[in-house]
Amino acid sequence: MKLLVIEDSEPLRRSLSIGLNNLGFTVDSTGDGSKGLTMAQLNHYDLIVLDLMLPNVDGMSILKSLRQSGQQSRVLILSARSLTEDKVNGLLSGADDYLTKPFSFEELHARILALLRRSQTAQTSNLLEIEGFCLDLSTKTLSYQGNFIELTKNEYKIVEYLFQSKGRVVNAEQISEAVVGSFDLLAKNTIESHLSAIRRKVREKGGNLPVKNKRGFGYIAGSV
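The model shown is predicted, which means the values in this text are computed figures rather than measured ones. (Residues numbered from 1 in each chain as written. Predicted model: local features only at pLDDT ≥ 70, side-chain atom pairs only at ≥ 80, totals over all residues. Heavy atoms only, no water.)

Student: Any chance you could explain the packing of helix H2 (residues 33–42) against helix H3 (residues 59–68) here in plain terms?
Tutor: Any two packed helices are characterised by how steeply their axes cross, that is the angle between the axes, and by the distance between the axes. The N-to-C vectors of H2 and H3 enclose an angle of 20°; their axes lie 10 Å apart at closest approach. Judged by the angle between their axes, H2 and H3 are roughly parallel. Considering how the two elements wind past one another, H2 and H3 form a crossing that is right-handed. For the pair H2 and H3, the contacting residues are Gly-33, Leu-37, Ala-40 and Gln-41 in the first and Ile-62, Ser-65 and Leu-66 in the second. Among the residues forming the contact of H2 with H3, the class breakdown is four nonpolar, three polar and no charged. (Axes fitted to C-alpha atoms, helices over the stretch in contact; angles between N-to-C directions. Helix = DSSP H or I, 4+ residues; strand = E, 2+ residues; numbered from the N terminus. Parallel < 35°, antiparallel > 145°, perpendicular 65-115°, else oblique. Left-handed = near helix turned anticlockwise from the far one by under 90°. Contact = heavy atoms within 4.5 Å. Nonpolar A, V, L, I, M, F, W, Y, C, P; charged D, E, K, R; others polar.)

Student: When you look at the sheet that holds strand E5 (residues 97–100) in this model, what are you seeing that I'm missing?
Tutor: Within a beta sheet, neighbouring strands are joined by backbone hydrogen bonds and run either parallel or antiparallel to one another. Taken in spatial order, the five strands make up an open sheet running E2-E1-E3-E4-E5, and their pairing is parallel. Two strands in the sheet have a free side with no partner beyond their single neighbour: strand E2 (26–30) and E5. On average, each strand axis in the sheet is tilted by 20° relative to the strand beside it, whichever way the strands run. Bridge count between strand E1 (residues 2–6) and strand E3 (residues 47–50): four bridges; the pairing is parallel. Among the inter-strand pairings, Val-5 is bridged to a residue of E3, identified as Val-49. (Pairing = 2+ DSSP bridges.)

Student: Help me understand the sheet that holds strand E6 (residues 127–130) in this model?
Tutor: Taken in spatial order, the four strands of this open sheet run E6-E7-E8-E9, and their pairing is antiparallel. The two strands at the open ends of the sheet, each matched to only one other strand, are E6 and strand E9 (147–149). Averaged over neighbouring strand pairs, the angle between their axes works out to 25° when direction is ignored. Two strands pair when backbone bridges link them, and strand E7 (residues 133–136) and strand E8 (residues 141–144) are joined in this way by four bridges, in the antiparallel orientation. Its bridge partner lying in E8, Leu-135 is registered against Leu-142. Contacts between helix H6 (residues 153–164) and the sheet are confined to E6, E7 and E8, with E7 contributing the most and set at about 110° to the helix.

Student: How should I be thinking about the pattern of salt bridges in this particular structure?
Tutor: It is possible for side chains bearing opposite charge to pair when their charged atoms get close. Under the counting rule described, the total for this entry stands at 10 salt bridges. Of the charged contacts, one joins Glu-107 and Arg-111 as a salt bridge, the two residues approaching to 2.8 Å between their closest N and O atoms. Of this pair, Glu-107 and Arg-111 both sit in helix H5 (residues 105–120), separated by four residues, roughly a single helical turn. The partly exposed category is assigned to Glu-107, whose relative accessible area is 32%. Residue Arg-200 is joined to Glu-204 by a salt bridge in which the shortest nitrogen-to-oxygen separation is 3.5 Å. With Arg-200 and Glu-204 both in helix H8 (residues 188–204) and four residues apart, the pair spans about one turn of that helix. (Salt bridge = Lys/Arg side-chain N within 4 Å of Asp/Glu carboxyl O. Buried < 20%, exposed > 50% of the residue type's maximum accessible area, 1.4 Å probe, protein only.)

Student: What's the story with the environment of Asp-58 in this structure? I'm lost.
Tutor: Tracing the chain through its elements places Asp-58 in the loop between E3 and H3. For Asp-58, a relative accessible area of 33% puts it in the partly exposed group. C-alpha of Asp-58 to C-alpha of Gly-94: the two residues are 36 residues apart in sequence and 15 Å apart in space. Within the structure, the side chain of Asp-58 is placed 3.1 Å from the backbone nitrogen of Met-60, a separation counted as a polar contact. (Polar contact = N/O pair within 3.5 Å; in protein donor to acceptor, adjacent residues only side chain to side chain.)

Structural data, given as structure tokens:
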């Protein structure tokens with residue numbers, strides 16, 4: 001799952017990014033409202049954590065712009081504005097939840113999970129199945145014919161992106177962005193190393209990872 005944190009407090013932004021990343025989310029972040037709006041418009045995020053008091057473009061303007069353009073990402077407002085009218089205005093403008101500062105990280109995490117579950121109920125299933133493999137998006141686990149395969153956080157993110165892109169060729173840059181975000185880089189040889197480790201773990205369970213390397217193009221999951 002990919003999140004965007006738009007928060008002008010640098011210490012809080014860093015803390016949120018580290019905490020959410022440690023929970024298995026891919027996190028992009030910025031403290032600038034104009035940059036945050038551009039990032040939200042150009043990329044797909046499952047959820048956006050949005051402060052209201054931001055430089056250049058305020059959070060409410062960002063929210064209204066996204067909703068007017070049809071952007072469907074879940075938005076959780078995180079703001080020091082605690083008046084009822086602020087909360088009502090935010091929710092009526094298209095926010096999915098509103099959490100006031102100060103807050104506990106545990107509550108923020110719980111609200112994020114609740115919003116993501118709400119998004120997933122619109123899907124037919126949280127399970128992605130390819131050739132005997134089952135990827136559970138809610139528990140973040142991979143299994144082959146009922147046998148669970150232990151993956152590191154980055155290994156899981158790679159498999160998740162490839163399975164979600166089933167039947168479509170994706171390149172190393174796209175995989176890198178899905179794993180570490182658009183402001184960091186996962187080198188191609190690192191991706192290859194992760195895939196080799198995943199294949200080894202899969203073979204130990206008697207299977208073969210259904211991911212092929214299309215030389216010169218990228219990778220594809222599933223039969224082609």
